[in-house]
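# Structural characterization, general
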Amino acid sequence: MEKIGLQKVCEILRSRDNFVIFTHHKPDGDTVGSAFALMFALRDLGKCATVFDSGDIPKKYDYFTKDFTFEMPQNPTFVAVDIASADMLTPAAQRYKGDFHLSIDHHAHGTPFAKYNYINSAAAANCENIYEIINALNIEITTPIASALYTGIATDTGCFMYSNTTPLTHLITAELIGRKIDFAEINRKMFESKSPAHINLEKAAWQTLEISHNGLIATVFVTREMFEEAGAGEEDFEGLASIPRCVDGVKIGITLKEAEKGVYKCSLRSYPPIDSTVIAAQFGGGGHIRAAGCTVKGTLEQAKGQLIFACEQELKKQGLL
Ligand SMILES: [Mn+2]
């Protein structure tokens with residue numbers, strides 16, 4: 001496990017062949033965008049490169065992933081993109097976890113598992129790292145490469161809304177937009193288009209909204225029954241954790257999702273000065289300062305009660321109650 005710089009990454013990519021690039025489990029726009037952009041670039045360099053197919057790449061990325069079939073090459077060089085630790089590999093990829101030659105990532109807290117690890121946590125999206133690598137290799141940013149990179153950067157920054165967005169993020173994006181990508185259509189697909197099942201579930205979740213503690217805490221929940229009635233799957237839950245924090249004045253948003261009877265997965269969203277991880281840690285969870293998660297057991301009322309009590313204590317500690 002060696003940490004390396006950009007030059008060494010280029011050296012590895014130039015000197016090897018037969019690359020197999022891996023995405024993380026529950027793949028998002030950044031891991032899929034990173035993998036396909038790197039694959040296109042390596043092919044343009046005359047290399048044999050492919051993306052490992054765990055059968056889980058969402059259809060919504062098909063504007064750059066379509067016409068893709070996977071075949072394991074001879075003597076492959078395994079590359080991980082946007083994967084902070086081996087437990088983030090897909091179940092299908094777990095058997096290769098000791099065989100990674102190179103990892104390219106932007107997570108600040110991970111457990112490096114490849115022989116060579118390029119980790120630049122200043123990058124808002126790992127696609128920014130891939131962009132720098134493609135540039136350093138003197139490969140032209142073609143339209144497919146630009147579409148894939150744009151997707152990763154836009155999704156990891158919440159369409160440039162999150163605080164991880166930097167001046168460099170915008171400079172890179174300006175360059176990508178200049179490559180004739182249909183960014184308006186990509187944004188529509190990523191941020192505005194929702195399935196009817198998702199909308200049904202979202203509607204049901206809004207119905208449960210409760211605001212308490214002088215408007216500082218907002219809570220919503222989603223039960224298995226609500227999933228069923230909406231005709232929704234797990235993927236339709238995406239984005240629902242943002243519902244409670246949409247309410248003006250709210251400092252802590254709580255979203256409870258019934259995982260199974262008596263077990264609730266909780267998403268916490270917070271605004272300064274509240275640190276979500278402090279609350280999540282009391283239930284054995286963790287995450288980021290503005291977004292954390294934990295699991296709480298009991299009935300819905302018990303789980304909600306425990307969480308709200310913990311949030312109330314935190315608001316008091318900060319002098320807000
Ligand atoms: Mn990422």
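What counts and what doesn't
- Residues numbered from 1 in each chain as written.
- Predicted model: local features only at pLDDT ≥ 70, side-chain atom pairs only at ≥ 80, totals over all residues.
- Heavy atoms only, no water.
- Helix = DSSP H or I, 4+ residues; strand = E, 2+ residues; numbered from the N terminus.
- Contact = heavy atoms within 4.5 Å.
- Pairing = 2+ DSSP bridges.
- Axes fitted to C-alpha atoms, helices over the stretch in contact; angles between N-to-C directions.
- Core = buried A, V, L, I, M, F, W, Y, C linked by side-chain atoms within 4.5 Å.
- Buried < 20%, exposed > 50% of the residue type's maximum accessible area, 1.4 Å probe, protein only.
- Salt bridge = Lys/Arg side-chain N within 4 Å of Asp/Glu carboxyl O.
- Donors = N, O, S within 2.8 Å, 3.2 Å for Na, K, Ca; no water.

In this section: the side chain of Thr 255. Along the chain, Thr 255 falls in strand S9 (residues 252-260). Setting aside chain neighbours within four positions, we find Thr 255 in contact with Val 220, Phe 237, Leu 240, Ala 241, Pro 244, Lys 265, Cys 266 and Ser 267.

Time to look at the sheet that holds strand S10 (residues 263-270). Ordered by their spatial adjacency, six strands build an open sheet running S7-S8-S9-S10-S12-S11, and the pairing between neighbours is mixed. Taken across any chain shown, the strands that pair with only one partner, and hence form the sheet edges, are strand S7 (210-212) and strand S11 (286-287). Helix-sheet contacts for helix H11 (residues 300-317) involve S7, strand S8 (217-222), S9, S10 and strand S12 (291-297), and the interaxial angle to S9 is about 155°.

Right, let's get into the nonpolar core. Core analysis: the largest hydrophobic core is formed by 48 residues, its most contacted members being Phe 36, Ile 104 and Leu 149. With nine residues, helix H2 (residues 29-44) is the single largest residue contributor to this core. Contact partners of Leu 149, with chain neighbours within four places excluded, come to Ala 37, Cys 127, Ile 130, Tyr 131, Ile 134, Ile 141 and Leu 176. One finds Val 220, Ala 232, Phe 237 and Ala 280 within the second-largest nonpolar core, a separate group that totals 35 residues.

Under the definition given, this model contains twelve salt bridges. For Lys 8, the salt bridge is made with Glu 11, and the minimal N-O distance between the two is 3.8 Å. Here Glu 11 and Lys 8 lie together in helix H1 (residues 6-15), a separation of three residues that amounts to about one turn. In this structure Lys 8 comes out as partly exposed when scored by relative accessible area, which is 26%. A network of salt bridges, in which partner residues are shared, links Glu 185, Arg 188 and Lys 189.

Attention shifts here to the coordination of the manganese ion. All of the protein donors around the manganese ion are Asp 30 (OD), Asp 82 (OD), His 106 (NE2) and Asp 156 (OD); their distances to the metal are 2.1 to 2.5 Å. Of note, the manganese ion draws all its donor residues from one chain, in the sequence arrangement D-x51-D-x23-H-x49-D. Residue Asp 30 is found in helix H2, and its partner His 106 is found in the loop between strand S5 (100-105) and strand S6 (116-119); the two are separated by 76 residues along the sequence. For Asp 30, a relative accessible area of 0% puts it in the buried group.

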